[in-house]
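Coordinate analysis (summary)
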Amino acid sequence: MEATKRPSSCISKWQYSSTKSKIVNNFNPVCQAVQKLTLKGKFLIILDQKKSVPGKFISVQIYSGTEVDPNTGKGWLSEKAYFKECGSKNHHHGKDNVEDTQTKIKTYKVKVHVDSHFGTPRAFLIQNKHKKKFYLLSASIETCTNRIIHFDCNSWIYSIKKTKFDRLFFSNRCYLPSQTPRALLELRNEELDKLKGNGTGERIEGDRVYDYDYYNDLGDPDKGLEHFRPILGGSRLYPYPRRVRTGRKHSTAGPSTEIRPQATKFDIYVPSDEIFSPNKLKDLKSNSINAIVHLLSSKTESLPQQSSRSFQSFEEILGMISSNRNQTIEGWIRDNLKKLVPNDYLKEITHAIKENHQHVPTTQIIYENEWAWNDDMEFGRQILAGTHPVRIQCLMTFPPQNKYGVQSSIEQSIIEQMLEGWALTQALEQGRIFMLDHHDYLMPYLNRINANGVCAYASRTLLFLRSDGMLKPLTIELSLPGPSLALEVHRIFLPSKQGTQAALWQLAKAHVLANEAFYHLLVSHWLYTHAVVEPFIIATKRRLSVMHPIHKILNPHFKDTMHINALTRLILINSGGILEKLLFPGETCMQITCDLYKDWKFTEQGLPADLIKRGMAVEDTDENNPTGIQLLMLDYPYAIEGLEIWTAIKSWVNDFCSLFYKDDEAIIADVELQAWWSEIRFIGHGDNHNETWWYQMTTLSNLVEALTTLIWIASARQAVINHQKRTQNGNYQTYYPTLCKKFIPLEGTVEFGEFLKDPDKFFMKMLPYRFEISLGLALVNLLSKNAYDEVYLLRCQPSHGWIDNEIVQNRFAEFKEELKEIQIRILQRNKDPKLKNRRGSAKIDHNILYPKMPSSGSRRWNHGKRSVL
């Protein structure tokens, strides 16, 4: 806690220069000369328009953090001072040959006159009287001892006419609630109260209010019955995490559903602190243009006539992917795009295509080996070390069975022939049989799904761990519902190198990967790394002051998540949205995620707990093993790198928390922390609040585990799930189809005869249509892009002075060194020829958890290097 004794004249940069006021001779002799100090402040603003905001419209008032005004009970507040422009810097960032955009960072300075007893500045108010908003990046203060006091702001400042409030910022000094200086205590509490709102009214642009609500904005019943969607959250049938409340008016046709905003404007409420920065907004626009142009760029001669047709051959798909040819946007496409994107986007899209600046980029796996996807060992390697390495599990009992006791039809005698001399029981005991399971959660929905024109199975894929550490596919079981839940129809497919069986095996793999695509995009990515995190963000902003150390350590990992989630609700997961069109479950997509959320446990989201749950590791009581587990596979890159990063994060979090909490009693006494955790459990994840697995926030160890898990989800796990999609398979839907249009034909049927006549052509007809494939490629390309202002785990704090605590800064520097050492070990493992799962047949290095930030100017294959948000 800061001392309340008045400093002599330590003020700021707010750099001071002092002048003595003249002594008036006839003044009361008891009065002494009053010393005035001039504080000089510097503010960095990112401009989102061509012209800067004139400084005369922006005023600042400074709060003392050490001296209390007896009339207000708050720190002394200076008079207003107005900005003066000081200079600007241009920051260029181009995107895949689209015209470079330019971001200006403008520097403003102020001079503020205060009395000598003012004390040390620890907060300021800023007011914008201009009609345009601007993005305040940071401010800085320099005391008379040349110490810099930092303010990391990173927020939009709207016109006072819109917000009705001046904006308050606190310095980067952290305080627990009980240790807050009296000069700042009331300001702290008032600011939190403003952020909570009252749960009423419609939220508008410029608001900074964090309320909770259900997912009642995915349907659009005013468009017709086909756009009705259930409300997610608040019921036993459809449990779900909460989202930020928007408060829009409700639909007439569906009174529980909010009226949807216009998707073409990308205009949906998020609190102003969560809105993308100008750089991110420009990236979103640029990447969206790129994605749409990629969608329209193909080798086809007549896109309007052929978009609803299937591809005729593998070579034709490869030709589309690698082609640099572009087409003029036909009228019918332009008319459709008007419904999807703003008008100014259309102009830039048209310009980009006419200028021949665009082509569909070839992913690295195709560039290195265009037929790698067809190899069975690569199929197994991708399950373990590809785009989605978090679903595979070790099979404990054979045969597998569902929750109703229905056993798989896979026979022991069939797979035992492929175990390279191992007996099945021995292989199970030694942890050598693995399964990719997409069975139980799909079975209740398949009849509804297949009634809508797609052909989907539930699947189980068994694999064998060979002596060289690679996974060999054993069998695929595809299942359909029978006349009751206790009865199922199974088909078994075995690997084969030639003939009819090889072609059938290829069809079975496609169906498995369609299951994978859904689970990857909508469960692992959306539900488990985006939706479940939003309540943590809302509670953090509502209950933990920005001065709270836990807010400080978490906030960088929450960057942009709420805005991304809002846009996802707007155009991806809504009724008739992109994912309903692309993924095989269609309109049942979100209902399936509700069922899977029922099984979600926060305590199982940390990497060690997750690996144990999936049978990929066992507990290890060795005190010298910081992870507490022992892996069953020596060449599981996600787990090996992940555990090193998990351990580094946990050690950093433990040391950070230990600096602020000396014992468990301090955690219990922290009123903000207790309110935060209670709100997460009972409101944000209220549908699961009765579960016994929730951590009790009464010990340092539980706090450290909870924070480590949350940071892991939002950083490393997010990187694994999202940013390897494009490098590995983003442009090859033959490897990763999102749906199948045909079932695998039964022998003796007409379709089987068609299949025998031309298996490749049958396979092509089973894949999505051209336009759907192109849309999927465009979406993956958009979602996998790194932003200009991306935050990486190695640089997960926004500035050098992100926290006004030298001990913490030194420990964070050690954390970064640990990550650099992990990088070195990753590179060394990638060179080890014995570790075959790291490179595969395409010879691509496994850098998915590489923590280093790539330079903004060289991002060809760096998508796998992203390690936080």
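Right above here is the structure, for reference.
Structure report, in brief. (Residues numbered from 1 in each chain as written. Predicted model: local features only at pLDDT ≥ 70, side-chain atom pairs only at ≥ 80, totals over all residues. Heavy atoms only, no water.)

In the contact formed by helix α13 (residues 499-531) and helix α25 (residues 750-757), the axes pass within 11 Å of each other and the chain directions differ by 110°. Taken together, α13 and α25 sit at an angle that is classed as roughly perpendicular. From α13, Thr 500, Ala 503, Leu 504 and Leu 507 reach across to α25, where they touch Phe 752, Phe 755 and Leu 756. When grouped by side-chain class, the residues that make up the contact of α13 with α25 number 6 nonpolar, 1 polar and no charged. (Axes fitted to C-alpha atoms, helices over the stretch in contact; angles between N-to-C directions. Helix = DSSP H or I, 4+ residues; strand = E, 2+ residues; numbered from the N terminus. Parallel < 35°, antiparallel > 145°, perpendicular 65-115°, else oblique. Contact = heavy atoms within 4.5 Å. Nonpolar A, V, L, I, M, F, W, Y, C, P; charged D, E, K, R; others polar.)

Among the surface-exposed residues, Lys 40, Lys 84, Lys 109 and Lys 111 lie close enough to one another that they form a single positively charged patch. For Lys 111, the location among the structural elements is in strand β7 (residues 98-115). With relative accessibility at 54%, the residue Lys 111 sits in the exposed group. (Patch = residues over 30% accessible without salt bridge, like charges linked within 9 Å, V, L, I, M, F, W, Y side chains within 5 Å. Areas by Shrake-Rupley, 256 points an atom, 1.4 Å probe, with all protein chains shown as cover. Salt bridge = Lys/Arg side-chain N within 4 Å of Asp/Glu carboxyl O. Lys, Arg positive; Asp, Glu negative; His and termini not counted. Charge placed at Lys NZ, Arg CZ, Asp CG, Glu CD. Buried < 20%, exposed > 50% of the residue type's maximum accessible area, 1.4 Å probe, protein only.)

This part takes up the sheet that holds strand β16 (residues 458-465). Taken together, the 5 strands give an open sheet; going across it, the order is β14-β15-β16-β17-β18, and neighbouring strands pair in antiparallel fashion. Single-partner strands in this sheet number two, and they are β14 (393-394) and β18 (488-493). Sheet analysis places β14 next to strand β15 (residues 433-438), joined by 2 bridges and oriented antiparallel. Bridging from a neighbouring strand, Gln 393 pairs with Met 435 of β15. Across the face of the sheet, helix α9 (residues 376-385) comes into contact with β15, β16 and β17 (471-481) while running at roughly 75° to β17. (Pairing = 2+ DSSP bridges.)

Here we come to the packing of aromatic side chains. A ring pair, where both rings are aromatic, is described by two values, the distance of the centres and the angle of the planes. The full count for this structure, using the stated rule, is 36 aromatic pairs. Taking 6.4 Å as the distance between ring centres and 20° as the angle between the ring planes, the aromatic pair formed by Tyr 441 and Phe 518 counts as stacked. Of the two residues, Tyr 441 is situated in the loop between β15 and α12 (446-450) and Phe 518 in helix α13; the sequence distance between them amounts to 77 residues. Overall, the relative accessible area of 0% leaves Phe 518 in the buried class. Where Phe 602 meets Tyr 695, the ring centres are 6.2 Å apart and the plane angle is 90°; that geometry is what we call edge-to-face. Taken together, the residues span a long stretch of sequence, with Phe 602 in the loop between α18 (589-598) and α19 (607-613) and Tyr 695 in the loop between α22 (671-684) and α23 (700-722) at a distance of 93 residues. By relative accessible area, Phe 602 is classed as buried at 1%. Cluster of aromatic residues (ring-pair linked, three or more members): Tyr 215, Tyr 240, Trp 526, Phe 536, Tyr 597, Trp 600, Phe 602, Trp 676, Trp 677, Trp 693, Trp 694 and Tyr 695. The lysine or arginine in question, Lys 280, covers the ring of Phe 276, its NZ or CZ lying 5.5 Å from the ring centre. Between the NZ or CZ atom of Lys 509 and the centre of the ring of Phe 379, over which it lies, the distance is 5.3 Å. (Phe/Tyr/Trp six-rings, centres within 6.5 Å; stacked < 30°, edge-to-face > 60°. Lys NZ or Arg CZ within 6 Å of the ring centre and 35° of its normal.)

Counting residues in each nonpolar core, the largest one holds 145 residues, and the members touching the most others are Leu 527, Leu 611, Cys 657 and Trp 677. In terms of residue count, the dominant contributor to this core is α13 (18 residues). For Leu 611, the contacting residues outside a window of four places in its chain are Met 616, Ala 617, Ile 629, Leu 631, Tyr 636, Ala 639 and Leu 643. In this structure, Leu 47, Ile 58, Ala 139 and Ile 149 belong to the second largest nonpolar core, which totals 27 residues. (Core = buried A, V, L, I, M, F, W, Y, C linked by side-chain atoms within 4.5 Å.)

It is worth spelling out the packing of helix α14 (residues 534-543) against helix α16 (residues 561-571) at this point. Packing of α14 against α16 brings their axes to within 10 Å, and their N-to-C directions diverge by 130°. Classified by the angle their axes make, α14 and α16 are oblique. When you trace α14 past α16, the crossing you get is left-handed. On α16, the residues that touch Glu 534, Ile 537 and Ile 538 of α14 are Thr 561, Met 562, Asn 565 and Arg 569. Here the contact of α14 with α16 is composed, by residue class, of 3 nonpolar, 2 polar and 2 charged. (Left-handed = near helix turned anticlockwise from the far one by under 90°.)

What follows covers the side chain of Asn 515. Structurally, Asn 515 can be placed in helix α13. The residues touching Asn 515, leaving out its near neighbours within four places in the chain, are His 438, Tyr 441, Leu 442, Tyr 457, Ala 458, Ser 459 and Phe 584.

Another aspect to go through is the environment of Trp 76. Relative to the elements of secondary structure, Trp 76 occurs in strand β4 (residues 75-77). For the pair Trp 76 and Gly 119, spaced 43 residues apart in the sequence, the C-alpha separation amounts to 8.2 Å. Residues in contact with Trp 76, not counting those within four places in the same chain, are Ile 62, Tyr 63, Ser 64, Glu 67, Val 68, Asp 69, Pro 70, His 117 and Phe 118. At a separation of 3.5 Å, a polar atom in the side chain of Trp 76 contacts the main-chain carbonyl oxygen of Val 68. (Polar contact = N/O pair within 3.5 Å; in protein donor to acceptor, adjacent residues only side chain to side chain.)

With that settled, consider the environment of Thr 593. Inspection of the secondary structure assignment puts Thr 593 in helix α18. Linking Thr 593 and Tyr 240, residues 353 residues apart in sequence, is a C-alpha distance of 8.5 Å. Each residue touching Thr 593, except ones within four places of it in the same chain, is listed here: Tyr 240, Leu 522, Val 523 and Leu 527.

Residue Pro 399 follows Phe 398 across a cis peptide bond; omega there is -5°. Mapped onto the elements, Pro 399 comes out in the loop between β14 and α10 (412-416). Positioned with a positive phi, Asn 154 is a non-glycine residue whose angle comes to about 50°. Here Asn 154 shows up in strand β10 (residues 148-157). Among the residues examined, Asn 154 registers a relative accessible area of 28% and is labelled partly exposed. Non-glycine residue Asp 560 carries a positive phi angle of around 70°. Following the sequence through the fold, Asp 560 ends up in the loop between α15 (549-554) and α16. With relative accessibility at 9%, the residue Asp 560 sits in the buried group.

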